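Remarks on the overall topology
What follows is each chain in one-letter form.
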Amino acid sequence: MAENNNPASAATVHDTFIVGAGISGIAAAIKLKQEGYHDFLIIEQSDRVGGTWRENTYPGCGCDVPSSLYSYSFALSSKWSRLFAKQPEILRYLEDVSDHFQITPLIEFNTALENARWDDSRHLWVLDTTRGQYLAKTVIFATGPITEAQIPALPGLDGFQGEMFHSAKWNHDYDLTGKRVAVIGTGASAIQFVPEIQPKVKELFVFQRTAPWVLPKPDLPLGNMSKLAIEKLPAIQRGWRKAVASSLNVINFGLRNPGVLKPVSAAARQLLKLQIRDARLRKAVTPDFTLGCKRILFANNYYPALQADNTTLIPHGLVAVENNTVIAANGERHEVDVIIWGTGFDVSHPPIGKKVFNANGDRISDLWKNSSPEAFLGTSLANTPNAFLVLGPNVLVYDSFIGLAEAQLDYIIDGLKKVRAQGISKFSIKPDVLKQHNDKVQKHLQTTVFNSGGCKSYYLDANGRNFAAWPWSLATLKKRLKTFPVEAYDVVYAQPETLRAAS
Ligand SMILES: Cc1cc2nc3c(=O)[nH]c(=O)nc-3n(C[C@H](O)[C@H](O)[C@H](O)COP(=O)(O)OP(=O)(O)OC[C@H]3O[C@@H](n4cnc5c(N)ncnc54)[C@H](O)[C@@H]3O)c2cc1C
C-alpha cells in the first residue's frame, strides 16, 4: 500500500474520483463540471494530459478517423491543419481543451492509482495512489483501452545487440539514417511509420504475418482560407462532421452484414492492381479475409514505400533472432541494426483490472485470467459497485472513440445524477442483467464480419470470444447509453425507507 503522504485527502470523502487524463478523463471532468458537480478529483500518472496522444509519438502518427469527428462534440475546432490531424496537433488540441474548460488545474499529475478497493462497510472506494490515499463514493476508470505495448517473446531476442523499440515508445534519440531496419508487423501504427522511415534507412525489412486491407486515405491539408471558412461558418463544420459520421455508419452497416462488403472487397482488390505493379508483391499484400474482419487501414503512402528499392516485404512472421540476424517463419534471414516493433497492443484485458479489487476483494484481472472481460454496456463490471469503466468491453463501433467515450460518459453522469437524487449509496449491476446483455451481444456478434470474416484479429481473445465489438449500430449504442437504468442495478439506499419517506 502506498505511504499516505497526503493525510488531508484521506479524511475527505470525494463524490467522484476520475483515474486518467486522456480523452476520456478530460471529457469526464468537463461533463461533470457542466452538470454542476465540483466535488471530484482527477489523477494522472504522467506529467501531462493526452494519454494515447502523449505516449505515441512515432513518425507519421495521426488519427485515422477524420478530425472533424475525432474531436469533442462540445469543442469542435476550426484549426485542424489537415483532414486527418497528426499526433502533435491532436495532443495540442487536448491540452487546449483541458485548459479552456479549466480542467488542467484540477488534475493531480504524476499520481498513479496503485490499488482501488471497495469498502462495503462504508460504501466507499479506498484508492491508494503513489501520492497517498483517497476516499470516494464513486469512481470513473478512464485509464484507456490501448495502452499495453506488445512485444512477442522470441527465441534469441535477449542476444540481439542492436537497437530495439516499440512504436509506442519510439526512440527519437536514435538516428535511423543509413541503418538496416526490421519492422515487425503491418498494423495501424506500422503503416503510418513505414513510409516515414523508408527514405532514410539503408534497408527496410517489413515482416508481415497477415496482409491488412489498406484503402486510400482521403486526407488533404487545410489552408488558411478553409480554416477561416470553417471558423466563420460553423454550419460547414457541423455538416462536415455529420457527413463523416454518415459514411462511417455505412461502413458499420457492412461490418454487421458481411455480404454487403463483398463487392467493396472486390473493388479494393482491383485498386491494389493499380497501386502495385509487381505481381509477386501484390499477391503478398492481398488480404485473404473479408474486408473489415480486422481493422481497415487507410494510407496513400504505404504501398509506394513497400515498392521502394530499399524495402523487402517478408510475408511471414518473425520467429527467432540469432545475434543480429532476424529469422522469418519461412527461414529467410537478414542481418539488421534495428528492430522496430509494430506489433500493436494487448487489448484483450483492460489493464486497470490489475489495480481494482471487487466487492469480494478479488483482483479483477485474476478473475479475467481464464475468461473474457465483460461489462454492462462496456461500463459496469460484475460485483464492482459504484464504479464505471470508460471504453470497456464490447462497445467498439467503427467510429471515433471520442464519440463512444462521450456517449458512455453521458450514461455515467445520468447515473450519478439519479444515484444522488434517490439517495443511493451503493449500486451494482444485477448479475442476471449483465448475463442476459452479454449473451445477446455474443449471439449477435456471430454473424458480424469480426467473427465470421475468416481472420484472427485483436477483437477475438485467447478464448476465441469477441470481447471488443458492439454488434449493432452506433445509434443503438447511443440510445442504450442515453439513460442510466436504475432498475438494472442492485441498489442500497443511504437511509432506511422510513426515513427517506419522512425527509
Ligand atoms: C496509435 C494510436 C492511434 C489511434 N488512432 C485512433 C483514431 O484515429 N481514432 C480513434 O477513434 N481512436 C484511435 N485510437 C484509440 C485511442 O486510444 C482512443 O481514441 C483514445 O485516445 C482513448 O482515450 P482514453 O482517454 O480512453 O485512454 P488513453 O488515451 O489511453 O488515456 C488513459 C490515461 O489514463 C492514464 N492512466 C492509466 N492508468 C493509470 C493509473 N493507474 N493511474 C493514473 N493514471 C493512469 C494514462 O497515463 C493516460 O493518460 C488510437 C490509438 C492508438 C494507440
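Residues numbered from 1 in each chain as written. Predicted model: local features only at pLDDT ≥ 70, side-chain atom pairs only at ≥ 80, totals over all residues.

Going by an unreviewed UniProt entry, the protein chain carries the name Monooxygenase flavin-binding family protein and comes from Isoalcanivorax pacificus W11-5.

Structural notes on the overall build of the protein chain
Applied cut-off: The secondary structure listing takes helices from DSSP runs of H or I that are at least 4 residues long and strands from runs of E that are at least 2 residues long, numbered from the N terminus. The burial criterion counts other C-beta atoms lying within 10 Å of a residue's C-beta, which is placed from the backbone; the residue is buried at 20 or more, exposed at 12 or fewer, and partly exposed between these limits. Here the contact rule is simple: place C-beta atoms from the backbone, and any two residues whose C-beta atoms are within 7 Å are in contact.
Within the protein chain one finds 16 helices and 20 strands. Principal-axis analysis of the C-alpha atoms gives the protein chain an extent of 80 × 55 × 45 Å. Per-residue burial for the protein chain yields a buried fraction of 43% across its 503 residues. In the protein chain, 72% of the contacts between residues at least 6 apart in sequence involve partners at least 24 apart.

Comments concerning the domain arrangement of the protein chain
Quick reminder of the rule: Residue ranges labeled as domains rest on an automatic or database domain assignment. Each residue gets one of three labels, nonpolar for Ala, Val, Leu, Ile, Met, Phe, Trp, Tyr, Cys and Pro, charged for Asp, Glu, Lys and Arg, and polar for the others, Gly among them.
Taken domain by domain, the protein chain comprises domain 1 (13-147 + 347-502) and domain 2 (157-220 + 244-341). The gap between the C-alpha centroids of domain 1 and domain 2 is 31 Å. Taken together, the contact between domain 1 and domain 2 spans 29 residues of the former and 31 residues of the latter. Among the elements that take part in the side of domain 1 that touches domain 2, helix α14 (residues 449-452) stands out by supplying 3 residues, more than any other. Here the side of domain 1 that touches domain 2 is composed, by residue class, of 14 nonpolar, 11 polar and 4 charged.

Some remarks on the sheet that holds strand β14 (residues 325-328)
Selection criterion: In short, DSSP must find at least two bridges between two strands for them to pair. Axis definition: a line fitted to C-alpha atoms, over the contacting stretch in the case of helices. Angles run 0 to 180 degrees between N-to-C directions.
Pairing in this open sheet of 3 strands is antiparallel, and the strands run β13-β14-β15 from one edge to the other. Two strands close off the open sheet at either side, each with one partner strand: β13 (318-322) and β15 (333-335). Neighbour-to-neighbour, the strand axes of the sheet open up by a mean angle of 25 degrees, direction not taken into account.

A short note on the site of the ligand
Operational definition: Each residue receives a C-beta atom built from its backbone; the residue is near a molecule or strand if that atom lies within 6 Å of it.
Neighbouring the ligand are 33 residues, the closest being Gly 20, Gly 22, Gly 51, Gly 144 and Phe 401. When contributions to the shell around the ligand are tallied by element, the ones reaching two or more residues are α2 (23-34) and α12 (401-421). Sorting elements by how many residues they give to the shell around the ligand places α2 first, with 3 residues. The class makeup of the residues in the shell around the ligand is 16 nonpolar, 14 polar and 3 charged.

Observations concerning the packing of α2 against α12
This is how it is decided: Roughly parallel covers angles under 35 degrees, roughly antiparallel covers those over 145, roughly perpendicular covers 65 to 115, and oblique covers all other angles. Crossing chirality is assigned from the near helix's rotation relative to the far helix, an anticlockwise turn below a right angle marking it left-handed and a clockwise turn marking it right-handed.
At their nearest, the axes of α2 and α12 sit 10 Å apart, and the two run at 40 degrees to each other. On the basis of the axis angle, α2 is oblique to α12. Our pair here, α2 against α12, has a crossing hand that is right-handed. Every residue of α12 that contacts α2 at Ile 23, Ser 24, Ala 27, Ala 28, Lys 31 and Leu 32 is listed here: Phe 401, Ile 402, Ala 405, Glu 406, Leu 409 and Ile 413. Residue composition of the contact of α2 with α12, grouped by class: 9 nonpolar, 1 polar and 2 charged.

Points about the environment of Lys 440
By the secondary structure assignment, Lys 440 is in helix α13 (residues 431-445). Here Lys 440 falls in the exposed class, since 12 other C-beta atoms lie within 10 Å of it. Between the C-alpha atoms of Lys 440 and Lys 294, which are 146 residues apart in sequence, the distance is 22 Å.

A word on the sheet that holds strand β7 (residues 163-166)
Taken in spatial order, the 5 strands line up as β7-β16-β8-β9-β12 in an open sheet, and their pairing is parallel. Each having just a single partner strand, β7 and β12 (311-314) make up the two edges of the open sheet. Between one strand axis and the next, the sheet turns by 15 degrees as a mean value, whatever way the strands run. As defined by bridge partners, β7 adjoins strand β16 (residues 338-341) across 4 bridges and the pair is classed as parallel. From the neighbouring strand, His 166 faces β16, where its bridge partner is Trp 341.

Here's the deal with the environment of Gln 150
Its place among the elements puts Gln 150 in the loop between β6 (132-141) and β7. Note on Gln 150: 15 C-beta atoms within 10 Å, which makes it partly exposed. The spatial distance from the C-alpha of Gln 150 to the C-alpha of Asp 346 is 5.7 Å, given a sequence separation of 196 residues.

A short note on the pairing of β13
Where β13 lies against β14, 4 bridges are found, and the strand directions are antiparallel. Bridging across to β14, Glu 322 finds its partner in Thr 325. With antiparallel pairing between neighbouring strands as the criterion, β13 and β14 make up a hairpin whose turn holds 2 residues, including Asn 323 at a positive phi of roughly 50 degrees.

With respect to α2
What counts here: Given a helix with a known number of residues, its expected span is that number minus one, times 1.5 Å.
Between the first and last C-alpha of α2 there are 17 Å, a value that for 12 residues agrees with the 16 Å anticipated at 1.5 Å per step. Counting buried residues along α2, 9 of its 12 residues qualify, which places the element largely inside the surrounding structure. Looking only at α2, the buried set comprises Ile 23, Ser 24, Gly 25, Ile 26, Ala 27, Ala 28, Ala 29, Ile 30 and Leu 32. Residues of α2 that are buried in the fold lie against β1 (13-19), β2 (40-43), α4 (87-100), β6 and α12.

Quick look at the pairing of β14
Here β14 shows a buried face lined by Val 326 and Ala 328 and an unburied face lined by Thr 325 and Ile 327. With 3 bridges joining them, β14 and β15 adopt antiparallel strand pairing. Along β15, the bridge assignment pairs Ile 327 with Arg 333. Counting the residues between successive antiparallel strands, the hairpin from β14 to β15 contains 4 residues, one of them, Gly 331, with a positive phi of roughly 90 degrees.

Section: helix α7 (residues 234-256)
In an α-helix, one turn spans 3.6 residues; hence positions three or four apart end up facing the same way. The terminal C-alpha atoms of α7, which comprises 23 residues, lie 33 Å apart, in line with the 33 Å expected from a rise of 1.5 Å per residue. Taken residue by residue, α7 has Arg 241, Val 244, Asn 252, Gly 254, Leu 255 and Arg 256 as its buried positions. On its buried side, α7 packs onto α8 (258-275), α14 and α15 (474-480).

As for the confidence of the model for the protein chain
To be explicit about the condition: As a per-residue quantity, pLDDT reports the predictor's confidence and falls between 0 and 100.
Here the protein chain averages 93 in pLDDT, and 96% of its residues register 70 or above. Here residues 1-8 is a poorly scored stretch, pLDDT under 50, and it has 15 contacts once near neighbours within four places are set aside; other chains count.

Overview of unusual backbone geometry
The backbone of His 123 shows a phi angle near 55 degrees, a positive value even though the residue is not glycine. Note on placement: His 123 falls in the loop between β4 (113-119) and β5 (124-129). One non-glycine residue with positive phi stands out, namely Asn 394, at about 55 degrees. Examined against the element boundaries, Asn 394 turns out to sit in the loop between β18 (387-389) and α12.

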